[in-house]
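Geometric and topological summary
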Amino acid sequence: MRTAKICLAGAAAAAMVGFLAAPAAAAPTDTTTATFEVLVGTLDIDAPATADLGTGATGGTITGQLGAVTVDDSRGAADASWVASVTASVFQTGGASPAETVLPSEIDYWSGPATATTGDGTFTPGQLTAGDAAPLDSVTPLTAFTHAGGTGGNTASWNPTLVVNVPLDSIAGVYTGTVTHSVA
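Residues numbered from 1 in each chain as written. Predicted model: local features only at pLDDT ≥ 70, side-chain atom pairs only at ≥ 80, totals over all residues. Heavy atoms only, no water.

Another point: the side chain of His147. Turning to its location among the elements, His147 is positioned in strand β11 (residues 142-148). What makes His147 buried here is its relative accessible area of 2%. A polar contact is formed between the side chain of His147 and the backbone oxygen of Asp120, at a distance of 2.7 Å. If we skip the residues at most four places from it in the chain, His147 touches Ala80, Ser81, Trp82, Asp120, Gly121, Thr122, Phe123 and Asn154. (Helix = DSSP H or I, 4+ residues; strand = E, 2+ residues; numbered from the N terminus. Buried < 20%, exposed > 50% of the residue type's maximum accessible area, 1.4 Å probe, protein only. Polar contact = N/O pair within 3.5 Å; in protein donor to acceptor, adjacent residues only side chain to side chain. Contact = heavy atoms within 4.5 Å.)

In structure tokens:
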């Protein structure tokens, strides 16, 4: 019995040495699958909260710039096209009688060229020059700026000009209204 135990112990020791002495098999290359996600952003427009267009006489014009209007497109879209548009409310002073009212159609808008852009695609002003100025409306939007094509993110800024054609029957006063830019 003793011989059997010694043989078994010897066989186990030999197997262990064989196991420990075997070379490790190493892979020459190995891969890791990595992932990341580009999040869907938003399409936003930012315009100044207030603007003073200046002063003028009845029957004349008042011309002033609104300040920078900026579209920020972080949607990460395959087609990053958008259209920015503009409307205006009635401008009024005092008691808002007809003589204390300037209609949006008496105010011309022109976007002018882009003051800054980022991203690819084509950026196009709605009204490049003063000669292209168009009247505002309170219901029907006027195209202010467009972006066609491109992918991913982009931005565009412009400094639009308003030309108020002051009616001859307007009374003196500070007229207040809103100019609303939107983007889709």
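Anyway, onward from the coordinates.
As a further point, take the side chain of Ser111. Structurally, the position occupied by Ser111 is in the loop between β7 (107-110) and β8 (114-118). A distance of 3.3 Å separates a polar side-chain atom of Ser111 from the backbone nitrogen of Gly126. Only 3.1 Å separates the side chain of Ser111 from the backbone oxygen of Gln127, close enough to count as a polar contact. For Ser111, the contacting residues outside a window of four places in its chain are Pro125, Gly126, Gln127, Ala144, Phe145, Trp158, Asn159 and Pro160.

Moving on to the pattern of salt bridges. Counted under the stated rule, the structure contains one salt bridge. Between Arg75 and Asp73 there is a salt bridge, and its shortest N-O distance comes to 2.7 Å. With a relative accessible area of 24%, Arg75 lands in the partly exposed category. (Salt bridge = Lys/Arg side-chain N within 4 Å of Asp/Glu carboxyl O.)

Spatially, β9-β11-β4-β14 is the arrangement adopted by the four strands of the open sheet, whose pairing is antiparallel. Single-partner strands in this sheet number two, and they are β9 (122-125) and β14 (179-183). Put simply, the sheet's adjacent strands are angled 15° from each other on average, direction ignored. Note that strand β4 (residues 82-88) and β14 share five bridges and pair antiparallel. Bridge pairing links Val86 to His181 in β14. (Pairing = 2+ DSSP bridges. Axes fitted to C-alpha atoms, helices over the stretch in contact; angles between N-to-C directions.)

Turning our eyes to something else, we now look at the environment of Leu162. Looking at where Leu162 falls in the secondary structure, it is placed in strand β13 (residues 161-165). With 52 residues separating them in the primary sequence, Leu162 and Trp110 have C-alpha atoms 6.7 Å apart. With sequence-adjacent residues up to four places away left out, Leu162 is seen in contact with Leu53, Ile62, Thr63, Gly64, Leu66, Ile107, Asp108, Tyr109, Leu136 and Val179.

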